[in-house]
Amino acid sequence: MTFFKTLVVAAALATASLATVSMPAVAEEVVHGDLTLSGAWTRATPPRAVAGGGFVTIVNAGEDDRLVSATANVSDKTELHEMAVIDGVMKMREMADGIPVPAGGTLELKPGSYHVMFLGLNAPLVEGETVPVTLTFEKAGAVDVSFTVEKIGAKGMGMKPGHGKMNGGMKHGQPKN
Ligand SMILES: [Cu+2]
C-alpha cells in the first residue's frame, strides 16, 4: 500500500508540473463530425498593424468538404486567403469560393500558404490571449475554434516577408496585375 501511495503522489506531481509547463503552448483540438481541427494559432501584432493571419490544421475523415468562410470579432473583415509566390513575388488573394478539404485528407492553413486573414484589426492581437473564430464548412457547418496568439515573429519564418511588409502598407487583396 505504501508503494501504491507513493505512485499516486508521484503521478499527481507529474501531472501538476506538466500542466504548468505546457499550458501556454497547447492549442485545443476540436472534433466536429468527421473533422478534427487542431493547432489553431495567430501571431501577436505590433500596435498599428491592420491585419493578421490565422492558421489551423483540419483533418477530414469523411467526404469531400469545403471551408467556405471564417468570421471573428477582432477585425472588421475576416477572409480566407492564399499566399503564393507568383513570378518571384509573394502575393495573396482571397479564396472567394472557399478552400477544398479533401475526403480523407488534411487542409493545412499555415504561413506562406492558405490562411485566415483578419482585416482591419480592432485592437492589436496580444500574445497569450485567444481569438475566437467561427469556421464554416459547406457540409459540416459552423465550427468554433480558439486561435492562440503566439509571440510576434512566432513560427513560420516563411511568412515574415509577405505579411511583415503587408502590415506596413502594401494594399491587401489587390494584386498589382
Ligand atoms: Cu492574407
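Residues numbered from 1 in each chain as written. Predicted model: local features only at pLDDT ≥ 70, side-chain atom pairs only at ≥ 80, totals over all residues. Heavy atoms only, no water.

**Student:** Is there a simple way to think about the coordination of the copper ion in this case?
**Tutor:** By definition of the ideal shapes, a tetrahedral metal site with four donors has angles of 109.5 degrees and an octahedral site with six donors has angles of 90 or 180 degrees. In this structure, His81 (ND1), Met92 (SD), His115 (NE2) and Met117 (SD) serve as the protein donors to the copper ion, at separations of 2.0 to 2.3 Å. We note that the donor set of the copper ion lies within a single chain, spaced as H-x10-M-x22-H-x1-M. With a gap of 11 residues between them, His81 in strand β5 (residues 75-86) and Met92 in strand β6 (residues 89-94) connect regions that are remote in the sequence. Neither residue differs from the other here; His81 and Met92 are each classed as buried. (Donors = N, O, S within 2.8 Å, 3.2 Å for Na, K, Ca; no water. Helix = DSSP H or I, 4+ residues; strand = E, 2+ residues; numbered from the N terminus. Buried < 20%, exposed > 50% of the residue type's maximum accessible area, 1.4 Å probe, protein only.)

**Student:** Please explain the side chain of Thr42 as it appears in this structure.
**Tutor:** Tracing the backbone through its elements, the reader meets Thr42 in strand β2 (residues 35-43). A distance of 2.7 Å separates the side chain of Thr42 from the backbone oxygen of Gly53, its partner in a polar contact. When sequence neighbours within four positions are dropped, the list of residues in contact with Thr42 reads Gly53, Gly54, Phe118, Leu125, Val131, Phe147, Thr148, Val149 and Glu150. (Polar contact = N/O pair within 3.5 Å; in protein donor to acceptor, adjacent residues only side chain to side chain. Contact = heavy atoms within 4.5 Å.)

**Student:** Would you explain the pairing of strand β9 (residues 114-121) in this entry?
**Tutor:** The side chains of a regular strand alternate between both faces of the sheet. Burial analysis of β9 places 6 of its 8 residues in the buried class, the great majority of the element. In terms of strand pairing, strand β3 (residues 51-60) meets β9 through 4 bridges, oriented antiparallel. Looking across to β9, one finds that Ala51 is bridged to Leu119. Bridge analysis of β5 against β9 gives 7 bridges, and the strand direction is antiparallel. Counted as the bridge partner of His81 is His115 from β9. (Pairing = 2+ DSSP bridges.)

Purely spatial values, then, with no claim about function.
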